[in-house]
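Each chain, letter by letter, is given below.
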Amino acid sequence: MPKSSYYAPTGGLPPQTHLLTDRAMFTTAYAVIPKGTMTDIVTSNLPFWDQTRAWVLARPLSGFAETFSQYIMEVSPGGGSTNPETDPDAQGVIFVVDGAVTLTIAGVAYEMASGGYAYLPPGCDWQLQNNSDVTARFHWVRKRYQAVNGIAKPVAFVSDEGAATTVAMPGTDDKWQTTRFVDPGDMRHDMHVNIVTFQPGAVIPFAETHVMEHGLYVLEGKAVYRLNQDWVEVEAGDFMWLRAFCPQACYAGGPGPFRYLLYKDVNRHMPLG
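Residues numbered from 1 in each chain as written. Predicted model: local features only at pLDDT ≥ 70, side-chain atom pairs only at ≥ 80, totals over all residues. Heavy atoms only, no water.

### Concerning the side chain of Arg142
- Relative to the elements of secondary structure, Arg142 occurs in strand 10 (residues 136-144).
- According to the relative accessible area criterion, Arg142 is buried, its value standing at 16%.
- A polar contact of 2.7 Å, which involves the side chain of Arg142, links it to the side chain of Glu85.
- Not counting the four nearest positions on each side in its chain, Arg142 is found in contact with Thr67, Phe68, Ser69, Tyr71, Glu85, Asp87, Ala90, Gln91 and Gly92. (Helix = DSSP H or I, 4+ residues; strand = E, 2+ residues; numbered from the N terminus. Buried < 20%, exposed > 50% of the residue type's maximum accessible area, 1.4 Å probe, protein only. Polar contact = N/O pair within 3.5 Å; in protein donor to acceptor, adjacent residues only side chain to side chain. Contact = heavy atoms within 4.5 Å.)

### Digging into the nonpolar core
- Judged by nonpolar contacts, the single largest core of 28 residues is most densely connected at Phe68, Phe95 and Leu219.
- Elements with a contribution of two residues or more to this core: strand 3 (50-58), strand 5 (90-98), strand 8 (116-120), strand 14 (191-198), strand 15 (214-220), strand 18 (239-242) and strand 20 (258-265).
- In this structure Phe68 touches Ala58, Arg59, Pro60, Val141, Arg142, Glu213, His214, Gly215, Phe239, Trp241 and Tyr263, once residues within four positions along its chain are discounted.
- By size, the runner-up hydrophobic cluster in this structure holds 25 residues, among which are Val32, Val196, Val234 and Leu242. (Core = buried A, V, L, I, M, F, W, Y, C linked by side-chain atoms within 4.5 Å.)

### Points about the sheet that holds strand 17 (residues 230-235)
- Sheet architecture is open: three strands sit in the order 17-16-19, paired in antiparallel fashion. The strands lining the two open edges of the sheet, one partner per strand, are strand 17 and strand 19 (248-252). Each strand of the sheet is rotated relative to its neighbour by a mean of 25 degrees, with strand direction disregarded.
- As paired strands, strand 16 (residues 222-227) and strand 17 are joined by six bridges and run antiparallel to one another. By the bridge assignment, Val224 is partnered in strand 17 with Glu233. (Pairing = 2+ DSSP bridges. Axes fitted to C-alpha atoms, helices over the stretch in contact; angles between N-to-C directions.)

### Quick word on the side chain of Asp87
- By the element assignment, Asp87 lies in the loop between strand 4 (69-81) and strand 5.
- The contacts of Asp87, once residues within four sequence positions are left out, are Arg142 and Arg144.

### Structural notes on the sheet that holds strand 1 (residues 25-26)
- A sheet is described by the order of its strands in space; here eight strands give the open sequence 1-2-18-15-20-14-13-12, paired in antiparallel fashion. Of all strands in the sheet, those with a lone pairing partner are strand 1 and strand 12 (165-168), marking the two edges.
- Bridge count between strand 12 and strand 13 (residues 176-180): four bridges; the pairing is antiparallel. Pairing of Ala168 across the sheet is with Gln177, part of strand 13.

### Some thoughts on the pattern of salt bridges
- Evaluation of the coordinates by the stated rule reveals 14 salt bridges.
- Arg23 is paired through a salt bridge with Glu235; the nearest N and O atoms lie 3.5 Å apart. Of this pair, Arg23 sits in the segment before strand 1 while Glu235 sits in strand 17; the two residues are 212 residues apart in sequence, bridging distant segments of the chain.
- Note on Arg23: relative accessible area 26%, which makes it partly exposed.
- Close ionic contact of Glu220 with Arg259 constitutes a salt bridge, the shortest N to O distance being 3.2 Å. With Glu220 in strand 15 and Arg259 in strand 20, this residue pair connects regions lying 39 residues apart in the sequence. (Salt bridge = Lys/Arg side-chain N within 4 Å of Asp/Glu carboxyl O.)

### Focus: the packing of aromatic side chains
- Taken as a whole, this structure holds 18 aromatic pairs when the rule is applied.
- Ring geometry for Trp49 against Trp140: centres 5.6 Å apart, planes inclined by 50 degrees, an arrangement best described as tilted. One end of the pair, Trp49, is in the loop between strand 2 (30-33) and strand 3; the other, Trp140, is in strand 10, with 91 residues separating them in the sequence.
- Assessed through its relative accessible area of 8%, Trp49 is described here as buried. (Phe/Tyr/Trp six-rings, centres within 6.5 Å; stacked < 30°, edge-to-face > 60°.)

Following this line, the structure appears as structure tokens:
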């Protein structure tokens, strides 16, 4: 799949003649943030990031995302940060969708282009710069790490979509696949950020109802997605949040694959307090 096909917002502002009707929805069970809402006036600035702005897709909030935050970072040429993460308990995943960045971990530099993936454990010494002459955009997913006595903390690593493990769901003739950057059996990790791919016409054939919270950003394609009791149309650039136990399913619409970046919390007991 051509990596240049990843969707990334570029900002701007609709004209005064534009109708305001859109697909944006916010409910107690799910939210849909369409790509058309990601304009210049809804960006945020972050401490210690130069020549950078962010679209915040999810943040811990009562009645919304509870376990994670997710940003689309836009770094202009020469921009970046030498002190990017201010929370020592936060772990992160970076997934590049446009342009290229230089990620430095404990003094070792890695060049990351579209499709590049990095896991950054809590307390990790990392920096990020855009040393190119074009704007770079990447997703930054953050979650406070849940340590468990007797289980070591995960370590930092840098990978790429092409180097990750892709597995097909049984009985789907490879029409439904998941690209995994972390082994599901690795108990050090309490979150996964995967890529899910559906070929045109493929489906989730039942209403998935489970404890994992999801953040879902559509990288390419379009589909009709079941969220709780509603069917909604989604396309490349849209973001969905699904709270725990929100029923979900989808039909991939074509003409090309429907692909999304998927966050979920995993491998930990449910908090009882």
